[in-house]
Protein chains: 4
Amino acid sequence: MTAIPLSVGEEILAAQPFNDLIGARLTRFEPGEAVLELDIADRHRQQFGVVHGGVLSYLVDNTLTFACGTVLGAGIVTAGLTVSYLAAARDGVLRATATVTAHAGRRAVATVTVEEIAPDGTARTCAAGQGSAVATRA
Amino acid sequence: MTAIPLSVGEEILAAQPFNDLIGARLTRFEPGEAVLELDIADRHRQQFGVVHGGVLSYLVDNTLTFACGTVLGAGIVTAGLTVSYLAAARDGVLRATATVTAHAGRRAVATVTVEEIAPDGTARTCAAGQGSAVATRA
Amino acid sequence: MTAIPLSVGEEILAAQPFNDLIGARLTRFEPGEAVLELDIADRHRQQFGVVHGGVLSYLVDNTLTFACGTVLGAGIVTAGLTVSYLAAARDGVLRATATVTAHAGRRAVATVTVEEIAPDGTARTCAAGQGSAVATRA
Amino acid sequence: MTAIPLSVGEEILAAQPFNDLIGARLTRFEPGEAVLELDIADRHRQQFGVVHGGVLSYLVDNTLTFACGTVLGAGIVTAGLTVSYLAAARDGVLRATATVTAHAGRRAVATVTVEEIAPDGTARTCAAGQGSAVATRA
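Residues numbered from 1 in each chain as written. Chains lettered and ligands numbered in written order. Predicted model: local features only at pLDDT ≥ 70, side-chain atom pairs only at ≥ 80, totals over all residues. Heavy atoms only, no water.

### What to know about the packing of aromatic side chains
Residue and element names in this part refer to chain B.
Piece 1. Counted under the stated rule, the structure contains eight aromatic pairs over all chains.
Piece 2. For the ring pair Phe 18 and Tyr 58, a centre distance of 5.4 Å and an interplane angle of 80° mean the geometry is edge-to-face. On the criterion of sequence distance, the pair formed by Phe 18 in helix α2 (residues 17-22) and Tyr 58 in helix α3 (residues 53-72) is long-range, its members being 40 residues apart.
Piece 3. Exposure remark for Tyr 58: the relative accessible area of 0% places this residue in the buried category. (Phe/Tyr/Trp six-rings, centres within 6.5 Å; stacked < 30°, edge-to-face > 60°. Helix = DSSP H or I, 4+ residues; strand = E, 2+ residues; numbered from the N terminus. Buried < 20%, exposed > 50% of the residue type's maximum accessible area, 1.4 Å probe, protein only.)

Listed below in structure tokens is the structure:
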């Protein structure tokens, strides 16, 4: 694996209109690993006031795809994902960390953890997930 | 199961700021079943121009939770979900249909299919998923 | 989809040494659907005396693959699966029912429910799952 | 987390009749981690001669539950799991390694990798999975 500059990952993220809506930023993009962070805002909430599960599943989806992209290249499709919700996220920053845990041929699997970094600096795991991506060209 | 009026479900959805951002509407809300629909717009896309996987996973998350709510009641949390991406969604309407496939005690499982209804009326399955929710009060 | 005779499915199952160990039988094999049944015996249990989760996940894996085979053909590989455990299985018969819920190109997704049919005839859902298979030849 | 002696884990495994059938052994049992190994034999195969997916899903189920048990205690139930199949396993030893990636309250999530260690010593990832367990007593 060759290191891909963070700026390349940032350009890909900037080219995703759906991410503009959500507002995540790429803070790490290294061989086998990617981190997305998001400042929690009111638009991310559901009817009970906590962050919507759809925001967490979005972070799982996108972070795992970036991580898999570091080993498979930019021409990939996400094949699927799973998310387990562990705790409600309320305030501060959401940080999703994806690590490639398996890579075989044109397919890679990444494991993701989403933490809430509360305004007082406390970290708490809110979701854990896993997913895979497949290279579309050899 | 008693039928819950569609308007009750619509009020819950309207109370989700994150859904305002995405723009889905509840079009069916019956015992064991819920349907969310979304008019595909540019803000839903990723860098290759197709609908972002995070939009599909959001629809899976929210539709399964509404469906589980019809059997468990409104006080529930989503425990987790899985999504398999099958085809890219491009234009028209996304329709997510969730059906409760198992219900035991305080836990229910729903299966979800997300279809693209293209402008010419053609339906195509873009994602299939499954997830569960747990009642937080007896 | 053309109907495949049940006897063809039974031959495939008989060719699986691992199924000999477990002892499931194919009781339905129709376009888009497959059912495996298993008489619960002591060899299927874990340390608390109930059926091992690995037996339920085996049934999910094999039933979904048979169901996907009815739409994709016999030359397939299972891509992955998910299982939610809902209730312990204790006695009687385990019946796993898989239904194809999506089929796009060379990939199909099936949803599975595993029920315990207790000796008194009571049915109870013990697990719900979903998985996909991919055709290895066109 | 206090270290639990390997022998305690081995006793739990020995109390699982279903594992007797399959023949896995516990080779690591440390805080947050568990490893199960299995000598591949003909009884583990499917109709194409490779190891049955149900064997891999069994290893994912049991290894994640042992790993979660190291942080939650022995009184747990497995809530669910997901498996992605990456490569066929043929000969040698299957080694499943589970690592706890999140732990919140009474619930823990573990990520699992299943490798084939071929007779010539080559390791290859055959499956990746994730699952969660819940403590049944406080």
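Still more ground to cover, so stick around.
### Remarks on the relation of the copies chain C and chain B
These two copies of the chain differ by a rotation about an axis and a displacement along the same axis.
Piece 1. Rotating chain C by 180° about the axis while translating it 0.0 Å along that axis superimposes it on chain B, leaving an RMSD of 0.0 Å. What we have between these two chains is a two-fold relation. (Least-squares fit on C-alpha atoms with pLDDT ≥ 70 in both.)

### Section: the interface of chain A and chain B
Think of interface size as the accessible area that goes away when the parts come together; that is how it is often given.
Piece 1. Taken residue by residue, the interface counts 32 residues in chain A and 32 residues in chain B.
Piece 2. Our enumeration of links across chain A and chain B arrives at 19 residue pairs in polar contact (both at pLDDT 80 or more).
Piece 3. Among the secondary structure elements, those contributing two or more residues to the side of chain A that touches chain B are α2 (17-22), α3 (53-72) and β3 (76-85) of chain A.
Piece 4. Residue contributions to the side of chain A that touches chain B peak at nine residues, all from β3 of chain A.
Piece 5. Its residues assigned to classes, the side of chain A that touches chain B comprises 15 nonpolar, 13 polar and four charged.
Piece 6. Sheet topology places β3 of chain A next to strand β3 (residues 76-85) of chain B; five bridges connect them, and they run antiparallel. Of the residues in β3 of chain B, the one forming a bridge with Val 83 of chain A is Leu 81 of chain B. (Contact = heavy atoms within 4.5 Å. Polar contact = N/O pair within 3.5 Å; in protein donor to acceptor, adjacent residues only side chain to side chain. Nonpolar A, V, L, I, M, F, W, Y, C, P; charged D, E, K, R; others polar. Pairing = 2+ DSSP bridges.)

### Some thoughts on α3 of chain B
Residue and element names in this part refer to chain B.
Piece 1. Taking 1.5 Å as the rise per residue, α3 with 20 residues should run 28 Å; its terminal C-alpha atoms sit 28 Å apart, in good agreement.
Piece 2. Taken across its 20 residues, α3 has 20 buried, putting it largely inside the fold.
Piece 3. Count one or two residues on from α3 and you reach Gly 73, which has phi positive near 100°. (Expected span 1.5 Å × (residues − 1).)

### Some remarks on the relation of the copies chain A and chain B
Piece 1. Least-squares fitting of chain A to chain B yields an RMSD of 0.0 Å, with the superposition described by an axial translation of 0.0 Å and a rotation of 180°.
Piece 2. Interface residue correspondence from chain A to chain B reaches 100%, placing this contact among same-surface, isologous pairings.

### Things to note about the pairing of strand β2 (residues 33-39) of chain A
Residues and elements named next belong to chain A.
Piece 1. Across the seven residues of β2, six count as buried, placing the element largely inside the fold.
Piece 2. Note that strand β1 (residues 25-30) and β2 share five bridges and pair antiparallel. Within β2, the residue paired with Arg 28 across the bridge is Val 35.
Piece 3. Counting the residues between successive antiparallel strands, the hairpin from β1 to β2 contains two residues, one of them, Gly 32, with a positive phi of roughly 85°.

### Quick word on the interface of chain C and chain B
Piece 1. Across the boundary between the two partners, chain C contributes 15 residues, which contact 15 residues of chain B.
Piece 2. Where chain C abuts chain B, roughly 1300 Å² becomes buried across the two surfaces, and 61% of that area is made up of carbon and sulfur atoms.
Piece 3. Connecting chain C to chain B are zero salt bridges.
Piece 4. Applying the counting criterion to the chain C and chain B interface returns four residue pairs in polar contact (both at pLDDT 80 or more).
Piece 5. Listing elements by their share of the side of chain C that touches chain B, those giving two or more residues are β3 (76-85), β4 (93-104), β5 (107-117) and β6 (123-135) of chain C. (Buried area = accessible area lost by both parts, 1.4 Å probe. Salt bridge = Lys/Arg side-chain N within 4 Å of Asp/Glu carboxyl O.)

Treat this as a map of the structure, not an account of what it does.
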